Amino acid sequence: MKPILLISIIVTTLLIVLNPYAEAAIVSGEVKNADGRPVREATVTIGNKFDFTDVDGRYRIKDVPTGEQKIQIKKGQTILKEEVIDVKEPKVNINVTIP
């Protein structure tokens, strides 16, 4: 095998293996209560990533690993909802209704 081809294969392999964002997604959506009103300033956590909902109840979390993940919605120290989601696409929309 020619040295240049071997180097190209090694570099390509390293870029794929060492890229921490190769299998990551953006998860976004809205959190609303049972009346359809936005839940403001709630913490939305997926794995070790999190965001706070805005005044419209929207959130956006980057670099979420693909596969099954647990999403947790908290307001202060109170857990409002937890569920398992399946992150399959590069961009996933998950809307949550709090009972």
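Data block above holds the structure.
Bear in mind that the values here come from a model prediction, so they are computed numbers and not experimental data.

### Concerning the overall build of the chain
(1) Moving on: Along the backbone of the chain there are one helix and eight strands.
(2) Moving on: Residues classed as buried in the chain amount to 25% of the 99 residues present.
(3) Moving on: Partitioning the contacts of the chain with sequence separation of at least 6, the portion at a separation of at least 24 is 50%.
(4) Moving on: If you sum the accessible surface of the chain, you get close to 7,000 Å²; carbon and sulfur atoms cover 56% of it.

### Re the nonpolar core
(1) Moving on: In this structure, V27, V31, Y59, I71, I73 and I94 are the most contacted members of the largest nonpolar core, which totals 18 residues.
(2) Moving on: Within the residue set of this core, elements represented by two or more residues are β1 (24-33), β2 (43-46), β4 (58-65), β5 (67-75), β6 (78-87) and β8 (96-98).
(3) Moving on: The contact partners of Y59, leaving out residues within four places of it in the chain, are V27, S28, G29, E30, V31, V44, D51, T53, I71 and I94.

### Details of the packing of aromatic side chains
(1) Moving on: Under the defined criterion, the tally for this structure stands at one aromatic pair.
(2) Moving on: Seen in terms of ring centroids, F50 and F52 are 5.6 Å apart; in terms of plane orientation they differ by 80 degrees. Their pairing is edge-to-face.

### With respect to the environment of S28
(1) Moving on: Residue position: S28 is located in strand β1.
(2) Moving on: The sequence separation of S28 and N93 amounts to 65 residues, and the corresponding C-alpha distance is 5.0 Å.
(3) Moving on: Dropping the residues within four chain positions of it, S28 is found in contact with Y59, R60, V92, N93 and I94.

### Some points on the pairing of strand β3 (residues 49-52)
(1) Moving on: Direction of pairing for β2 relative to β3: antiparallel, over a ladder of four bridges. Paired with T45 across the bridge in β3 is F50.
(2) Moving on: Linking β2 back to β3 in an antiparallel pair, the connection comprises two residues, with G47 at a positive phi of about 60 degrees.

Criteria and thresholds
Residues numbered from 1 in each chain as written. Predicted model: local features only at pLDDT ≥ 70, side-chain atom pairs only at ≥ 80, totals over all residues. Heavy atoms only, no water. Helix = DSSP H or I, 4+ residues; strand = E, 2+ residues; numbered from the N terminus. Buried < 20%, exposed > 50% of the residue type's maximum accessible area, 1.4 Å probe, protein only. Contact = heavy atoms within 4.5 Å. Areas by Shrake-Rupley, 256 points an atom, 1.4 Å probe, with all protein chains shown as cover. Core = buried A, V, L, I, M, F, W, Y, C linked by side-chain atoms within 4.5 Å. Phe/Tyr/Trp six-rings, centres within 6.5 Å; stacked < 30°, edge-to-face > 60°. Pairing = 2+ DSSP bridges.

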